[in-house]
Each structure stands twice: as structure tokens, then as C-alpha cells.
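Secondary and tertiary structure notes
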Amino acid sequence: MLNERIEKALNEQINAEMWSAYLYLSMAAYCHKTGQPGMAKWFEVQFKEEQDHAKILFNYIVQRNGVVSLKPIDAVPTEWKSTLDVFESTLAHEQKVTSLINNLFALTTQENDYATQSMLKWFVDEQVEEEENAQNIIDNLKMIKDNGYGIYMLDKELGARTYTEAAPLAISTL
Ligand code: FEO
């Protein structure tokens, strides 16, 4: 049986993860439009990963016999000033998601819900990786500045990213 406050917060986090998926799909569209197909591919993988994050929470609510409540997904931006701006917005967004996960984690302590806290540990670790990935790309872009060859090579490198199903889903029977 899921605690009511936890159930509400998990449903809100599903919505935040789906908004993230939508945001990254929009960023993929922007990168396609600016002629950077490798970066678009990177964001398309990010899009799939965010859907995985939502599904992990969905599965957990189902497992605990809770109620999944899917709310509308707000519109996302469609324009950015530059490639650097896209990745800086990615980092800022991931920092925001980290604070949402931290708040959720803190709530599980308040409510003595250690099963949910244990499930959320995967998200705590994932956020470290999410912020690090965005920061590394920002560092590369700042080094390259407007060097066309550098951008071309970075685009090729990011285009090699492949999607792997999130570990909690790979072992789930749902
Ligand atoms: Fe679901 Fe990018 O954190």
C-alpha cells in the first residue's frame, strides 16, 4: 500500500520525466534543423531514456498497488540561441530534475517509506551521470568555440550514442 503523499509525488515525477522526454525530442528537432544529425541522435536517445525513467516509476506504483495518474504534459521550448545554449539548457534542466529527486527522497524519509527510498536510489545515481554528460559536452563546445571541423567531429561522436534500456526495466516483469 502506497502512502498518499508519496503516491502523489511519484505521479508528479512521472509527469516531470515525460516533460523531460518531450523537451529532449524538441531539442532533437532543433539539432536536425541546424544540420547536426549526430546531436539530434544524442537527444533522441535522451528522449527514450526519459520515457524509461517515467516507466520505472509507473511500474513501481503498479507493484505497490497504487493509482497511476497521468496528467497533461506542458508545452516545451522549440528554439534555442545556439548549440551551446541547447546543452546549457540541458544541464540546467537536469540540475532541476536532481532537486526534484532529492525532494522526493527527503519525503520518503519524512514518511518512513524506505521501499520507495530504495527504488529512488537508482535515480539519485542516474542524476550524477545526467549532469556529468551534459557538462562534458558543454566543456567540449567551449573548447571548440566556432571551429567548424571541431563541431563536425563532436557531432559525429555524439551520433555514436546508442540506447540501452534502463537497468530497473531490464529486470522487471511488468
Ligand atoms: Fe530523468 Fe534526465 O532525468
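Residues numbered from 1 in each chain as written. Predicted model: local features only at pLDDT ≥ 70, side-chain atom pairs only at ≥ 80, totals over all residues. Heavy atoms only, no water.

If you look at the biggest cluster of nonpolar residues, it comprises 23 residues, and the most contacted ones within it are Phe43 and Phe87. Among the elements that take part in this core, helix α1 (residues 4-33) stands out by supplying 6 residues, more than any other. Ignoring anything within four residues of it in the chain, the contact list for Phe87 reads Met39, Trp42, Phe43, Ala134, Ile137, Ile138, Leu141 and Leu158. Leu57, Ile61, Leu104 and Phe123 belong to the second largest nonpolar core, which has 19 residues in total. (Core = buried A, V, L, I, M, F, W, Y, C linked by side-chain atoms within 4.5 Å. Buried < 20%, exposed > 50% of the residue type's maximum accessible area, 1.4 Å probe, protein only. Helix = DSSP H or I, 4+ residues; strand = E, 2+ residues; numbered from the N terminus. Contact = heavy atoms within 4.5 Å.)

Interaxial distance between helix α2 (residues 37-63) and helix α5 (residues 148-159) falls to 7 Å at its minimum, and their mutual angle equals 30°. The two elements α2 and α5 meet at a crossing, and its hand is left-handed. The segment α2 lies against α5, with Pro37, Gly38, Met39, Lys41 and Trp42 engaging Ile151, Leu154, Asp155, Leu158 and Gly159. Classifying every residue of the contact of α2 with α5 by side-chain character gives 6 nonpolar, 2 polar and 2 charged. (Axes fitted to C-alpha atoms, helices over the stretch in contact; angles between N-to-C directions. Left-handed = near helix turned anticlockwise from the far one by under 90°. Nonpolar A, V, L, I, M, F, W, Y, C, P; charged D, E, K, R; others polar.)

This brings us to the environment of Thr109. On the secondary structure map, Thr109 appears in helix α3 (residues 83-110). With a relative accessible area of 42%, Thr109 lands in the partly exposed category. Excluding its chain neighbours within four sequence positions, the residues that come into contact with Thr109 are Tyr114 and Gln117.

Attention now moves to α2. Taking 1.5 Å per residue, 27 residues should reach 39 Å; α2 reaches 39 Å between its end C-alpha atoms and fits that length. Downstream of α2 by one or two residues, Asn65 has phi in the positive range, about 60°. (Expected span 1.5 Å × (residues − 1).)

Take the environment of Pro37 next. Tracing the sequence through the fold places Pro37 in helix α2. Between the C-alpha atom of Pro37 and that of Thr108, which follows or precedes it by 71 residues, the distance is 41 Å. Excluding its chain neighbours within four sequence positions, the residues that come into contact with Pro37 are Cys31, His32 and Asp155.

Another point: the packing of aromatic side chains. Within this structure, the stated rule accounts for 7 aromatic pairs. With a centroid separation of 5.6 Å and an interplanar angle of 75°, the aromatic rings of Tyr30 and Trp80 are classed as edge-to-face. Taken together, the residues span a long stretch of sequence, with Tyr30 in helix α1 and Trp80 in the loop between α2 and α3 at a distance of 50 residues. Note on accessibility: Tyr30 and Trp80 belong to one class, buried. Put simply, the rings of Tyr24, Trp42, Phe43 and Phe87 touch in pairs and so form one group of aromatic residues. The ring centre of Trp19 lies 5.9 Å from the NZ or CZ of Lys96, which sits over that ring. (Phe/Tyr/Trp six-rings, centres within 6.5 Å; stacked < 30°, edge-to-face > 60°. Lys NZ or Arg CZ within 6 Å of the ring centre and 35° of its normal.)

Attention shifts here to unusual backbone geometry. Of note, Asn65 is a non-glycine position whose phi angle comes to about 60°, a positive value. Within the secondary structure layout, Asn65 lies in the loop between α2 and α3. The exposure class of Asn65 is exposed, given its relative accessible area of 65%.

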